[in-house]
Amino acid sequence: MTFKNVFISIIIATTMILSAFLIHRARPEIELAQPSPEYIRATGKCASCHLKETSAIVHQYSMSKHASENITCYECHRALDGQEELGHKGFTLAKNVTALNCSQCHTTEYDQFIRSRHGAPAWAAVTGRSDFTEEQIAFAEKFHPKSVNRGENKLAVIEGPGVMEKGCLGCHAVGKPNSDGSIGSCTACHARHSASVALARQPETCGQCHMGPDHSQLEIYNESKHGVLYALQKSHLNLGADPKTLSTKDMSVPTCATCHMSGLEGMNITHDVTERLSWWLFSPISKKRPNYNLGQEAMKNICLKCHAKTHVEKFYREAEEVVIATNGKVQNALNIVSDLRKDGLLTPEPFDEPIEFIAFDLWHYAGRTAKHGAFMGGADFVQWHGNYELLLKTIEMEEMAEAIRSKSHQKN
Amino acid sequence: MSKLLRPTPLLIDFFIIINLSFLVIDIYVAHSTNDFSHYAEWIPFYFSLIAPILLSVEMWLNWNVNKPSNYFLSFLVGGLAILIGISGLIWHLHSTFFEYQTLRSLVYTAPFIAPLAYTGIGALLVMNRMVDCETIEWGQWLIFFGFGGFIGNFILSLSDHAQNGFFIFYEWVPVISSAFAVSFLGVILLRNSTIRFIDVSIWIMIIQIIIGLIGLFFHSQTILNNPMSSFFETIIYNAPIFAPLLFVNLAVLAILGLIDIRFKIEMNL
C-alpha cells in the first residue's frame, strides 16, 4: 500500500511538473526571452511593468550598447542636481531626461555638442535669446557670433505659435535650453532607448531636419555619388563600429557623420558638427568662418581617405567659385529690395510684400541649394534647383521692382 | 505517538487567528503597489484587522465553558472570509484576464489565487466548529485545506515566476516541491494510507517548510539589493517577501492533519 501510494503520488507530481514545463514552453518567445541579461540590466523593476506598457522601449534598450555595458534604466533616468523630480513606483526619477543625464558619462561629447551650431544657436534661430541665461549666451557667442544674442525669427512669429511648436521647433529643439541648465537633446540623433551610434551615422537621421528647399542636404547627398554608393552598399557597412577605432573598412562609403564628425582612421572625433566647415553657407551672403583654415584642413583630411589630393583641391576650388558667384547673384537680388526700401517704396517690415518673399526664396532656397550642392557633389542642385532658380527669381524681382516704381510714379 | 502531540481545535483556532492577523500586513503591502486605488481594496485589510479580535473575544467567552455553543462570531467571520475570498478572486481576474482571456493575461494579472487564502481560512474556521475533532474526518479536513493551499502554491509559484520567465533555474524549485505536496496530500485524501506513507508525507511537508524558508531568504535578498528610495517601497515593489511563508504555513497545517490521522490510525479510531 505504501509503495503504491508513493508511486501514485510521484506520477501525479511528475504530471503536474511536466504540464507546468510544457505550458511554460508554449508561451510566446518574447515572454520567455524577457529576462535575458539585457532585460535584467534594464530592470530592477522597470521592465516588468514596461513590457506590458510601452514594451518597445524595453526591446529597443535590450538591443542597445547601453544594455551590453550594464547600464540600467535608473542610471539615465535618475534625477540629477537641478532636475525636477518625479516619484515613480518607489524611484525618484528626473521628470525630463536631458543632455545633462547623458553628460554624466559622455562629458566630452556634450562639451563638443554645445560648442556646435546644434547647441544654443539652433534654438535661438527661432526664439531668439529670451530662453537663455547670460552665461549661456556668452558661451555660444564665443563660437557663433550673433547666433544667440539676437531677436526671435520674424517669419516664425508671423506664422504663429502653433506652427512654431510643431514646425520650426520640431527640428530646432536639438538646442533647446533645459530647466536643469543643460542645453539640447542627444536623443534627436541617437534616439532615446536605442542610444544608437549606428542610427546617428545614417544619413536619414540627419535628413530628419537637413532636408527640404531651405537646406536640402539629404536630397543632395542622395543624388551624390556618396549617397548612391550608400544606398547600394549599406549592407556591407559596419554602422555600429566603435567610433574610436572606426576605419574605412567599417565605413568604405561616407555618410554625413563620417565626414563631419567621425574619427575615421585616427581623426579627432567631434560632436561639434561645425568644426570641419569653412564657410557660413547658410547665410544669404556666405563668408569664411573664423576657423576657415583649420576647418577646411580637417575636412580635406577626411576627403583624402578616399580621394587624391589633386582631386580634393580641385573640388574645393570649384565649390568656392560657386559660393563666390552665388554671393554676387544673391547680393544683386537683395540690392533690388534694399533700393526699393531706401526709396520708401517698401515698408520696413519683412514678409508683408510679395517681392520680399521672392527675395527670401532666392537666397534661402536657391542660393543655399546652389552652395550646398557645390560642396556636396550635387550637380543638379547647383544647376536646376540652384542657379536656374536664382536667375528666374532675379528676373521676377526686377520686373516686380519696375512695376512698384512705375506704380509709384503714377501715384505721384 | 504521544497523545500530547495530537492537535486540538484550539490549536487550529490559534492558527486561524495568527493567519488573519498576518494578512493585515500582507494585504497592506500587496494593495500598496497600486496605492489602494479602489476603495474595495481596503475591505480585506479592515476585515483582517477586526476578525482576529472577534475570534479572540469568542474564544475568551467560551474559555471556561464545558460545551461551548456560542459560535455566532466564528460563523460570521468564517462566512465573510469565504465571501471576501471569492469576490477577491473575481476582482483580481477582472484586471486583465476577463478582458483578454489569454495565458499572458493570466500570468500578468493581479495574483488571482491569493484572495482564496481568505476562503480557505474561513472554511477552515467553519469546519473547525462543525466537525467533531474526535472523528477521522477532522484530520482529513485539515489535510484537505493544506492540499487546497498547495494547489494555490503550485499555481502562484508557477505564474509568479513565469513573470520573469524563470530567469534563475531554481525558481522552478517551489513549483516542483508544491507539486509533490499536492500529490502526496491528494493520495492520502483519496486512498487508504499506511502509517509509513503518512510519515513520508510528513517529511515531504517538512521539506516544504525548508523550501519556504529558503524562498524567504532569496526574496529578501532582492529587497536588500535594490535602489529604492525608502525601505517600505523596496518591500512593495519587489519580490513578494511573505509569499514563500505560505509554504511554511500550509505545511504546518497539513502536518497537524497528518499527525491527527496518524494518531487515529494507531488508535484504530
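Here the structure is a predicted model, which is why all the values come from computation and not from measurement. Residue positions are given per chain, counted from 1 along the sequence in the order it is written. To read the labels, note that chains go from A and ligands from 1, taken in the order they are written. Predicted model: local features are reported for residues with pLDDT of at least 70 only, side-chain atom pairs are reported and counted for 80 or more only, and whole-chain, interface and lining totals are derived from all residues. Only heavy atoms go into the side-chain values, all of them from the structure, while hydrogens and water stay out.

Student: I tried to follow the overall build of chain A on my own but got confused; where do I start?
Tutor: Looking only at helices and strands, chain A has 23 helices and 2 strands in total. For chain A, buried positions account for 41% of its 412 residues. Sequence separation of at least 24 residues holds for 55% of the intrachain contacts in chain A that already meet a minimum separation of 6. Only the protein chains shown count as cover for residues, and all accessible areas are computed by the Shrake-Rupley method using a 1.4 Å probe. For chain A, the exposed area adds up to about 22000 Å²; of that, 59% sits on carbon and sulfur atoms. Numbering goes from the N terminus for both helices and strands, where a helix is a DSSP run of H or I of at least four residues and a strand is a run of E of at least two. We call a residue buried when its accessible area falls under 20% of the maximum for its residue type, exposed when it is over 50%, and partly exposed in between, using a 1.4 Å probe and counting protein chains only. Pairs of residues are marked as contacts when any of their non-hydrogen atoms sit within 4.5 Å.

Student: Just checking my understanding: could you explain the confidence of the model for chain B for this structure?
Tutor: Residue and element names in this part refer to chain B. Summing up the model confidence of chain B, the mean pLDDT is 87 and the portion of residues at 70 or higher is 91%. Per residue, pLDDT captures the predictor's confidence, and it can take any value from 0 to 100. In the model of chain B, helix 4 (residues 97-100) stands out as the element of lowest mean pLDDT, 68, in contrast to helix 8 (residues 173-190), which has the highest, 95. Model confidence for the complex is summarised by a pTM of 0.64, with the ipTM given as 0.70.

Student: Could you clarify how one ought to interpret empty space enclosed by the protein in this entry?
Tutor: Any space left empty among the atoms is revealed by the rolling of a water-sized probe across them. Think of a 1 Å grid over the protein atoms and nothing else: a 1.4 Å probe that fits but is trapped marks a cavity, an open set flanked by protein within 12 Å on at least five of seven lines marks a pocket, and residues with an atom within 4 Å of a point count as lining. Grid points are joined across faces, edges and corners, and a volume is the space filled by probe spheres set on the points. Applying the stated criterion to the full structure yields 1 cavity of 30 Å³ or more. In terms of lining, the largest cavity is formed by Gln83, Glu84, Lys95, Asn96, Thr98, Ser179 and Asp180 of chain A.

Student: Where do I start with the nonpolar core in this structure?
Tutor: Side chains that are nonpolar tend, in soluble globular proteins, to be buried together. Among the nonpolar cores identified, the biggest contains 34 residues, and Phe150, Phe154, Leu158, Val175, Leu185, Met205 and Leu258 of chain B are the most heavily contacted of them. Contributions of two or more residues to this core are made by helix 1 (2-26) of chain A together with helix 7 (136-162), helix 8, helix 9 (195-224) and helix 11 (245-266) of chain B. Phe154 of chain B has contacts with Met16 and Ala20 of chain A together with Val175, Ser178 and Ala179 of chain B, leaving out every residue within four places of it along the chain. Only buried residues count toward a nonpolar core, which is a set of Ala, Val, Leu, Ile, Met, Phe, Trp, Tyr and Cys residues joined through side-chain atoms within 4.5 Å.

Student: When you look at unusual backbone geometry in this model, what are you seeing that I'm missing?
Tutor: Generally, phi is negative for residues other than glycine and the peptide bonds are trans, each holding for most cases. Residue and element names in this part refer to chain A. We note that Lys146 has phi near 65°; this positive angle belongs to a residue other than glycine. Examined against the element boundaries, Lys146 turns out to sit in the loop between helix 11 (134-143) and helix 12 (154-159). The exposure class of Lys146 is exposed, given its relative accessible area of 69%.

Student: Sorry if this is basic, but what is going on with a negative patch on the surface here?
Tutor: Residues Glu396, Glu398, Glu399 and Glu402 of chain A make up a contiguous surface patch of negative charge. You can see Glu399 of chain A is positioned in helix 23 (residues 379-411). Note on patches: the residues involved have over 30% relative accessible area and no salt bridge, like charges join within 9 Å, and the nonpolar side chains Val, Leu, Ile, Met, Phe, Trp and Tyr join within 5 Å. Just to be clear on terms, a salt bridge is a Lys or Arg side-chain nitrogen sitting within 4 Å of an Asp or Glu carboxyl oxygen. His is not counted, nor are the chain ends; Lys and Arg add positive charge and Asp and Glu add negative charge. Charge positions are represented by NZ for Lys, CZ for Arg, CG for Asp and CD for Glu.

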